Amino acid sequence: MKQFSIPLGKFFGIPTTIHWTFWILIIWIVYRGLAEGSDRVEILWYVFFVFVIFACVVLHELGHALAARRYQISTRSITILPIGGVASLESMPEEPGKELVVAIAGPLVNVAIAIVVWLFLFATGQWESALENIEEMTTIHAGNFLFALLSVNILLVVFNMIPAFPMDGGRVLRALLSFKMSRVRATEWAVNIGKIFAILFVFWGFSNNPFLIFIALFIFLSAQAELNQVRAADLLGGHTVSSILMRDFTPLRTTQSLQQAVDVMLNGQETSFVVLDEANEVVGQLTKMDIVRGLSEKGVQVAIGEVMKPEVQWLTANMSLQEANDLMLRNNIAIAPVGERGNLQGILDADNLQEFLMIRSALGTTRTSI
Ligand SMILES: [Zn+2]
């Protein structure tokens, strides 16, 4: 389905794409228009209107992205979905003041658009008549287009500022709470309040607007994921890679057969391996999943070099565990060599990192219950 996504190019260096599911919205609008007996011109105006709204959504996301850039946080991409836009920031600033700025920058763009449109309507003497004809806003046409655009931008501001984490209002709420309490506590509060709104969205969505149900689902899933991330960051705080560095491990070689990887796996505890070439350089990683896939696709005699993943992410022993965790998650790394090229000191295994988190979190609960 990916081929139906439309790359819009780069804005301020950020690749921006319309996700293929966006077309469902357009098809839905055309279908509704036809079913309600609207004529072709009316439907075209409506489709055009939706594109202009989503242009405003792109500008909203650019607001977040450019605010984040002020704090040296880059944005990987902006994606336009039928439920709105998503700017994939590398991270969120942890200082509440900065998070507040990044969160509010998006809605402020819509405030700015609304003001510009209002000034234009006012200056051209259309404002009065627009207000008088407000009841006739059932269809979009040249006469009420700008007024409708103004209204939608105000709606976007109001909707985004609903304190449903991780929507903008929820981020503002978390930032404000973070001034008073720890980031983990603030996130827990923001997530729980967000879930209440998500439930309201579901009820409202069933009777009015099905898109709200998708937004509720997005809130539920991404809020929980972000809470887990914040908790992990908190638990990992103050620890370095050296605390769970494994010095005793079995490296595999590109020239060995998959059979040998299976033997090592079955005879020990290791499930992920770093792979070395003839010059003893780390050139890839081999996980249990890679082994299983390799066995079913190529058999036991295939060379490890042919089934390994060539991603290598070097870590250093004094790197913070939080940074190591972020790097491994972001780059989809299961096992990382620690040290530097030519000096492999040990490895860090993502499974061990998860165990470490579980133990730390169990200790944490014991401590608070005393
Ligand atoms: Zn936003």
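Criteria and thresholds
- Residues numbered from 1 in each chain as written.
- Predicted model: local features only at pLDDT ≥ 70, side-chain atom pairs only at ≥ 80, totals over all residues.
- Helix = DSSP H or I, 4+ residues; strand = E, 2+ residues; numbered from the N terminus.
- Buried ≥ 20, exposed ≤ 12 C-beta atoms within 10 Å, placed from the backbone.
- Contact = placed C-beta atoms within 7 Å.
- Pairing = 2+ DSSP bridges.
- Axes fitted to C-alpha atoms, helices over the stretch in contact; angles between N-to-C directions.
- Domains from an automatic or database assignment.
- Nonpolar A, V, L, I, M, F, W, Y, C, P; charged D, E, K, R; others polar.
- Core = buried A, V, L, I, M, F, W, Y, C linked by C-beta atoms within 7 Å.
- Expected span 1.5 Å × (residues − 1).
- pLDDT = per-residue confidence, 0-100.

## Here's the deal with the environment of arginine 76
Then, number 1: Along the chain, the position of arginine 76 falls in strand β3 (residues 75–81).
Then, number 2: According to the C-beta neighbour criterion, arginine 76 is partly exposed, with 13 such atoms within 10 Å.
Then, number 3: The sequence separation of arginine 76 and proline 93 amounts to 17 residues, and the corresponding C-alpha distance is 15 Å.
Then, number 4: Setting aside residues no more than four positions away along its own chain, arginine 76 makes contact with Ser88 and Glu90.

## A word on the sheet that holds strand β1 (residues 6–11)
Then, number 1: One open sheet accounts for four strands, arranged β1-β2-β3-β4; its pairing is mixed. The two strands at the open ends of the sheet, each matched to only one other strand, are β1 and β4 (84–89). For this sheet the average axis-to-axis angle between neighbouring strands, irrespective of direction, equals 20 degrees.
Then, number 2: In this structure, β3 lies alongside β4, joined through six bridges in antiparallel fashion. Residue pairing for β4: isoleucine 78 is matched across the bridge by alanine 87.
Then, number 3: Along the sheet, helix α2 (residues 40–70) contacts β1, β2 (14–18), β3 and β4; its crossing angle with β4, the most-contacted strand, is approximately 20 degrees.

## Here's the deal with the domain arrangement of the protein chain
Then, number 1: You can read the domains of the protein chain as domain 1 (2–236) and domain 2 (241–365).
Then, number 2: If you average the C-alpha positions of domain 1 and of domain 2, the two centres end up 40 Å apart.
Then, number 3: If you look at the interface, domain 1 gives four residues, while domain 2 gives seven residues.
Then, number 4: Here the side of domain 1 that touches domain 2 is built from residues that sort into four nonpolar, no polar and no charged.

## Observations concerning the nonpolar core
Then, number 1: Counting 50 residues, the largest nonpolar core has Phe165 and Ile219 as its most contacted members.
Then, number 2: Counting residues per element, this core draws most heavily on helix α3 (residues 96–123), at nine residues.
Then, number 3: Discounting chain neighbours no more than four positions away, the residues touching phenylalanine 165 are Gly170, Arg171, Leu173, Arg174, Ala190, Val191, Gly194 and Ala223.
Then, number 4: Listed in part, the 27 residues of the second largest apolar core include Leu236, Phe273, Ile291 and Val338.

## Side note on helix α1 (residues 22–35)
Then, number 1: Across its 14 residues, α1 extends 20 Å between first and last C-alpha, which sits within 8% of the 20 Å expected from 1.5 Å per residue.
Then, number 2: Just downstream of α1, glycine 37 is the residue with a positive phi angle, here 80 degrees.

## Side note on the pairing of β2
Then, number 1: Side chains Ile14, Thr16 and Ile18 project from β2 onto a buried face, and the interleaved Pro15 and Thr17 project onto a face without burial.
Then, number 2: Where β1 and β2 come together, five bridges link them in antiparallel fashion. The partner of glycine 9 across the bridge, within β2, is threonine 16.
Then, number 3: Taking the residues that link successive antiparallel strands as the turn, the β1-β2 hairpin has two residues, and the phi of phenylalanine 12 there is positive, at about 50 degrees.

## Quick word on unusual backbone geometry
Then, number 1: Backbone torsion omega between phenylalanine 165 and proline 166 reads 5 degrees, so that peptide bond is classified as cis.
Then, number 2: With respect to the secondary-structure elements, proline 166 resides in the loop between α5 (145–160) and α6 (168–178).
Then, number 3: At glutamine 72, a position not held by glycine, the phi torsion is positive, near 65 degrees.
Then, number 4: Along the chain, the position of glutamine 72 falls in the loop between α2 and β3.

## Quick word on the confidence of the model for the protein chain
Then, number 1: Per-residue pLDDT for the protein chain averages 86, and the proportion of residues at 70 or more is 95%.
Then, number 2: Overall, residues 365–370 carries pLDDT values under 50, and its contacts beyond four positions in sequence, including any with other chains, amount to zero contacts.

## Observations regarding helix α8 (residues 211–236)
An α-helical segment advances 3.6 residues per turn. Residues three or four places apart therefore align on the same side.
Then, number 1: In this model, α8 (26 residues) spans 37 Å end to end at C-alpha, consistent with the 38 Å of a helix rising 1.5 Å per residue.
Then, number 2: Those residues of α8 lying buried are Leu212, Ile215, Ala216, Ile219, Ala223, Glu226, Val230, Ala232, Leu235 and Leu236.
Then, number 3: Glycine 238 occupies a position one or two residues after α8 and carries a positive phi of about 85 degrees.

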